[in-house]
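Listed below are the residues making up each chain.
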Amino acid sequence: MRARDDAALAALLHARPDLLNPVPADITQLATRAGTRASVVRALDRLDRFALQTAEALAVAPDPCPYAVLEELLTGSGGEDARDAAARDALPRALGTLRDQALVWGDDDRLRLVRTARELLAPSAQRPSPTGLGPTVAEATSGMSPTRVQEIVAAAGLPATHDPVSAVAALTGLFTDPERMSALLDQAPAEAHQVLGRLVWGPPYGEVTPDPTPPVRWLRDRGLLLPASARTVVLPREVALHLRGGLAHRATAPVAPPVGAHREHRPQLVDANAAGQALAALSTVEELVKSWEHTGPLVLRAGGLAVRDLKRTASTLDTTEQAAAFWIELAYAAGLLASDGEADERYAPTPAFDDWCERPPAERWSALASAWLAATRTAGMVGEQDAKGRTLAALGPDLDRSPAPEVRRRVLELLAALPEGGSPDPDALLERLAWERPERGTSDLRARLAHWTLHDAEVLGVTGRGALSAFGRALLEGRDPAAPLAPLLPEPVDHVLLQADLTAVAPGPLRRPLGDVLAVLADVESKGGATVYRFTPGSVRRALDSGQTASDLHAFLAEHSRTPVPQPLAYLIDDVARRHGHLRVGAASSYVRCDDDAMLGEILADKRSAGLGLRRLAPTVLAAQAEPGALLDGLRAMGYAPAAESRTGDVLVARAAAYRTPERSAPVPVPDGPPVPDATLLGAAVRAVRAGDLAATAVRKEPAGPSAAPEPGELPRTSAAETLATVQAAALTGSAVWIGYVNAEGAASQRVIAPVRVEGGFVTGYDHTADEVRTYALHRITGVAELEEDQV
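Residues numbered from 1 in each chain as written. Predicted model: local features only at pLDDT ≥ 70, side-chain atom pairs only at ≥ 80, totals over all residues. Heavy atoms only, no water.

Visitor: Describe in detail the environment of Pro-360, supporting the description with residues and values.
Guide: One can find Pro-360 in the loop between α18 (351-358) and α19 (361-374). On the basis of relative accessibility, which here comes to 43%, the residue Pro-360 falls in the partly exposed class. Separated by 122 residues in the primary sequence, Pro-360 and Ala-482 place their C-alpha atoms 9.0 Å from one another. (Helix = DSSP H or I, 4+ residues; strand = E, 2+ residues; numbered from the N terminus. Buried < 20%, exposed > 50% of the residue type's maximum accessible area, 1.4 Å probe, protein only.)

So this is what it looks like as structure tokens:
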């Protein structure tokens, strides 16, 4: 590690940022941390397929391993086909990657895999190797009796030895000698070759009966199969490599699978398609959040959204539950939805939603897309079960998947590498991602994340027809995507087209005041490029309940319609308005009053009113046992249009105020390990490690006094008087000294300083460890030692 230059150290810390937390004190600490299990596992998980195959080959190779032996494990011992040539050409790059990440060390003639990596990748009975190879002869015979080893040696045609070690060495020599091994296999029965063929590429273990068949017995007697347990035999590694032609892997992948343009579209068509999807996404998110602004769904005790509420939201949005979960999670990630934190906790829009609604459409889409790209929450997991068998709920606490942002960004990068308008074959793209970051174990999370990314990017408008849009490219590159998107979105319109069938057609997105009023006055019948609204008695009554009058509605429609107001619509408004408020409901428990006593008699005679507990108090007044709200709903169900009134007799406006949560911030993504450091941090870290290493390895002069020389790694120990005298002398001569220092928090460190001034109980000097001038309290210096002249 010390032999690396600063650029190589910076590259290591950039590739493995977990080594920087905290910054290592010196090279020794950095090397120790780089060999820990957690750090090595993270580094192995970030290798591409061929670099990982190279590490796996080193794990089953002799230690140390010459470069030629490693090359043979990856290319085979015979033949010069294209695969061998590609692997031979790619091996220096893969080995360089392993060296750069401190997973391999040593010269080419003595390559060594870091011990922790070898333990993780080497085959064992509990953890089979991805190579499919088993243990070596020495490992498989480690618990075998010396007599049995000698029997195997004799059956294999080898001379007897005096000890088990030499016997195992002779057997290993036989299995690694191609000519003698071929001669031995030529003597094997045909059925024995079939047995070996089933084990050669792994798994290398097979079950046997107490009385095995003759072919198995022949192989076992000669050590070609060795006992792993009472009922299990294993194919030794040396035998498998001979049968494989020296290959550690059945198939290597030295070159990344290409991702080409499967289909090509005009870039303008892609952008237009994506812009349409972006506009639909804005409409969907706005509709979703507004549907929760009066009575949002309750928060489950364990957190998240109940299944029935998810189904209700999907019905409101006219989509599937999985799609509804995506839109809910997107609004949550953008900070537009949150829980209100009350005792009866509910989800509701945040104040940020109102600000978001006031922004131009392109800027609103930019906020959604940016939140999607960085979010670690994965809506695709909704409905699945966790390790404990619990169903994962939308907005629940267990939907964060740290690799999600990296996978999304990498998918978009691969799309951006294609010609403009080109869309890839999804299978080819997934194959490329699997090569760049192969899954170790049985998890397929990254492949699923990539699949969800392709789908989500299309419905969100980042891509169109599978190709990256111009504003999607801007999003990926960190530029403002609103600029290229804005010209593609239609301008909001300020009019509708009224139809004779009690519908209105909005030829584009409506300006906000018009859209808000029309959403109350009519029901949305269909969406798309043009939205169709339908007027019904219920929708007109809803507008009247909100405080509008019939004349207000006539004037509103006449002002905003490019076509004359149809007569059926005018009649509908007048008819509902004529009956609206004719009945009055107040609190008695509740009451009904009406100037037409015949209508009250009609209500009393109606059997459907029995549950309301009505009785006549006066010719124009009925009292009821039901609450005012229930009485209103009951009379409306009977076909009447009552209006609520206040205690003073005024008509109450029934439209509920929009509810908002307190100020809430968007959820913070859960990082996949420490962030990648920038150039400034890398430079400072390398300087600190170098300086710390200088302090730890600098050659000190032997103390002239009675003080004993410190052991390696220990802080120097000197008396207060000796410390003061040494630093004063160093300040006069301008030389550097090595000190031990304990800060106010009790943390001990070693420093190399060049004292400049010593006064008032403090020493000020240039600290080579920190690369700056610092001041240290003399009473916190544990000891001081002079350095040899050539150390600084």
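Visitor: Mind laying out the pairing of strand β19 (residues 621-624), listing which residues take part and the relevant values?
Guide: Bridge count between strand β17 (residues 590-593) and β19: 4 bridges; the pairing is antiparallel. Bridge pairing in β19 links Ser-590 to Ala-624. As defined by bridge partners, strand β18 (residues 615-618) adjoins β19 across 3 bridges and the pair is classed as antiparallel. Residue pairing across strands places Ala-618 opposite Val-621, the latter belonging to β19. (Pairing = 2+ DSSP bridges.)

Visitor: Can you break down a negative patch on the surface residue by residue, with the values?
Guide: Negative charge collects at one region of the surface, where Asp-595, Asp-596, Asp-597 and Glu-602 lie side by side. Mapped onto the secondary structure, Glu-602 falls in helix α29 (residues 597-605). Residue Glu-602 is classed as partly exposed on the basis of its relative accessible area of 48%. (Patch = residues over 30% accessible without salt bridge, like charges linked within 9 Å, V, L, I, M, F, W, Y side chains within 5 Å. Areas by Shrake-Rupley, 256 points an atom, 1.4 Å probe, with all protein chains shown as cover. Salt bridge = Lys/Arg side-chain N within 4 Å of Asp/Glu carboxyl O. Lys, Arg positive; Asp, Glu negative; His and termini not counted. Charge placed at Lys NZ, Arg CZ, Asp CG, Glu CD.)

Visitor: Can you break down the nonpolar core residue by residue, with the values?
Guide: If you look at the biggest cluster of nonpolar residues, it comprises 69 residues, and the most contacted ones within it are Leu-58, Leu-70, Phe-175 and Leu-224. Residue contacts for Leu-224: discarding those within four places in its chain leaves Phe-175, Met-181, Leu-184, Leu-185, Trp-218, Leu-219, Val-234, Leu-235, Pro-236 and Val-239. In terms of nonpolar packing, the next biggest core, distinct from the first, is built from 62 residues, Leu-373, Ala-394, Leu-433 and Ala-457 among them. (Core = buried A, V, L, I, M, F, W, Y, C linked by side-chain atoms within 4.5 Å. Contact = heavy atoms within 4.5 Å.)

Visitor: Requested: an account of the pairing of strand β13 (residues 503-506), with residues and values cited.
Guide: Sheet faces and side chains relate simply in a regular strand, where the side chains alternate between the two faces. Of the two faces of β13, the one lined by Thr-503 and Val-505 and the one lined by Ala-504 and Ala-506 are each fully buried. Strand direction decides the pairing type here: strand β12 (residues 497-498) and β13, joined by 2 bridges, are antiparallel. The residue of β13 that forms the bridge with Leu-498 is Ala-504. With antiparallel pairing between neighbouring strands as the criterion, β12 and β13 make up a hairpin whose turn holds 4 residues, including Leu-502 at a positive phi of roughly 65 degrees. Where β13 lies against strand β15 (residues 531-534), 4 bridges are found, and the strand directions are antiparallel.

Visitor: Tell me what's going on with the sheet that holds strand β3 (residues 205-207), and back it up with residues and numbers.
Guide: Pairing in this open sheet of 3 strands is antiparallel, and the strands run β3-β5-β4 from one edge to the other. Edge positions in the sheet fall to β3 and β4 (226-227), since each of these pairs with one other strand and no more. Bridging between β4 and strand β5 (residues 232-234) involves 2 bridges; their strand directions are antiparallel. Note that in β5 the partner of Pro-227 across the bridge is Val-233.

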